[in-house]
Each structure stands twice: as structure tokens, then as C-alpha cells.
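Chain by chain, the residues run as shown.
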Amino acid sequence: MTSVGAPAHPHSGSGLARARRTFRTWRRTRPFWAGLLVLLAAAPIIYFPYFNLSLGALSVAMSTTAGAGSLVIGLTLIVLGGLLWFQPIIRFFAGCVAVFLGVLSLPISNFGGFFVGTLCAATGGLLALAWGPVNTPDDTEEPPGRAGE
């Protein structure tokens, strides 16, 4: 019994492998990690102003008067993260606004979600600014008739 005719990867045609390849292709055509960091930045910025911790009879409340501002900043970061994933053409605008909102959350939202939200928003925004679509060899070549002109 030989394995000459056997496929090299017998499960490569499975649904999971195909979905993974499709997701990888989708992820590589947009600033995926920038969008993910901007989305993650919204969580501590929104959460900490409404944070209540009860330790027995001791209640710790992090509520501030800037709860509405934190909510607006967090929801805007969620929208920007989604836009980075589904509209990569506006990456420059979304990156600039994410960095701005991350810095703005420092005085408004408990030091920007105790610096976690600020760092995630600034890093995601800067990644969005640095990201660019990959040039394929077809995009960089001269048209055939104009090479020597």
C-alpha cells in the first residue's frame, strides 16, 4: 500500500480550513489589528465610570460626573473600530480620531480607563495610520506599451 496518490493535506478541503483561509484573506485586506485594538479600547473607557464593586459591607463606586462623556467616547471608538474593519479606505480619518479620543479620555474617563483604554486607542489609531494596502505585482508594473517612453 503506497501513498503516492494520497493528498498531502487530507482535511484541507474541510469547512473549517476553508473558513480559516477566507478569514485570513479578509483580514489581510484591511487594518484588522488596528480595528481590534480600537474596539478593545472602548471597553475600559465605558466600564470604569459605571463600575461598582461590593466587598462585603464596603462599596467602591467609580462613578464620576463624566459618565456621559465616557459613554460617548466609548461608543465612538466602537464605531471607529467597525469602520476600520468594514471601510478600510477611511483608515486615516479613523486612526486620527481614535488617537484623539484616546488622549481625550484621559481627563474625562478616569484616566482613560486607567490608561488601558488610552494605550489601546492610541496604538490602534497609530496602526491604522501606518497600515497600507499591499501592492500586488500587477499594480506596480508599467503598462506594456509605455515601458520605454
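Below: a short report on this structure. Along each chain, numbering runs from 1 in the same order as the chain's sequence is written. Per-residue local features are limited, in this predicted model, to residues with pLDDT of at least 70; the limit for side-chain atom pairs, both in listing and counting, is 80 or more; totals at the level of whole chains, interfaces and linings are taken over all residues. Hydrogens and water molecules were not included; the side-chain quantities draw on all heavy atoms of the structure.

Together, Y50, L71, L75 and I78 give the surface a local cluster of nonpolar side chains, amounting to about 350 Å² of exposed area. The way it works is that DSSP assigns letters per residue, a run of H or I at least four long becomes a helix, a run of E at least two long becomes a strand, and they are numbered from the N terminus. Checked against the element boundaries, I78 lands in helix α3 (residues 67–86). Classification of I78 by relative accessible area gives partly exposed; the value is 37%. The patch calculation keeps residues exceeding 30% relative accessible area without a salt bridge and links them within 9 Å when they carry like charges or within 5 Å when they are nonpolar (Val, Leu, Ile, Met, Phe, Trp, Tyr). Note on areas: these come from Shrake-Rupley sampling with a 1.4 Å probe, and a residue is covered only by the protein chains present in the view. Here, a salt bridge means any side-chain nitrogen of Lys or Arg that lies within 4 Å of a carboxyl oxygen of Asp or Glu. Here's how the labels work: a residue is buried when its accessible area is under 20% of the maximum for its type, exposed when over 50%, partly exposed in between, all with a 1.4 Å probe on protein chains only.

Each helix should span, by expectation, one fewer than its residue count multiplied by 1.5 Å. With 16 residues, helix α2 (residues 32–47) should cover 22 Å at 1.5 Å per step; its first-to-last C-alpha distance of 24 Å lies within 8% of that length. Residues of α2 that are buried include every one of F32, A34, G35, V38, A41, A42, P44, I45 and I46, and no others. Contacts are residue-level and defined by heavy atoms, with any inter-residue pair within 4.5 Å sufficient. Against α1 (15–27), α3, α4 (91–108), α5 (110–114) and α6 (116–130) lie the buried residues of α2.

Let us now look at the nonpolar core. Counting 15 residues, the largest nonpolar core has V38, L77, L80 and L84 as the members making the most contacts within it. With near-sequence residues (within four places) excluded, L84 lies in contact with R30, P31, A34, G35, V38, R91, A94 and A128. Within this scheme, the nonpolar core is defined by two criteria: the residues are buried Ala, Val, Leu, Ile, Met, Phe, Trp, Tyr or Cys, and they are joined through side-chain atoms within 4.5 Å.

Let us look at the side chain of S70. Position of S70 relative to the elements: it lies in helix α3. Setting aside residues no more than four positions away along its own chain, S70 makes contact with I45, I46, P49, I108 and S109.

Quick look at the packing of α2 against α3 now. Across the interface, α2 lies against α3 with an axial gap of 8 Å and an inter-helix angle of 165°. When the interaxial angle is binned, α2 and α3 end up roughly antiparallel. Crossing handedness for the pair α2 and α3: left-handed. Contact with α2, carried on its side by F32, A34, G35, L36, V38, L39, A41, A42, I45 and I46, involves S70, L71, I73, G74, L75, L77, I78, L80, G81, G82, L84 and W85 of α3 and no other residues of that element. Three residue categories are used. Nonpolar comprises Ala, Val, Leu, Ile, Met, Phe, Trp, Tyr, Cys and Pro, charged comprises Asp, Glu, Lys and Arg, and polar comprises the others, including Gly. Partitioning the contact of α2 with α3 into residue classes produces 17 nonpolar, five polar and no charged. For helices, the fitted line uses only the C-alpha atoms of the stretch in contact; every axis is such a line through C-alpha atoms, and the angle between N-to-C directions lies from 0 to 180 degrees. Roughly parallel refers to an angle under 35 degrees, roughly antiparallel to one over 145, roughly perpendicular to one between 65 and 115, and oblique to any angle outside these ranges. By the definition used in this description, the sense in which the near helix is turned from the far one sets the handedness, with an anticlockwise turn below a right angle giving left-handed and a clockwise turn giving right-handed.

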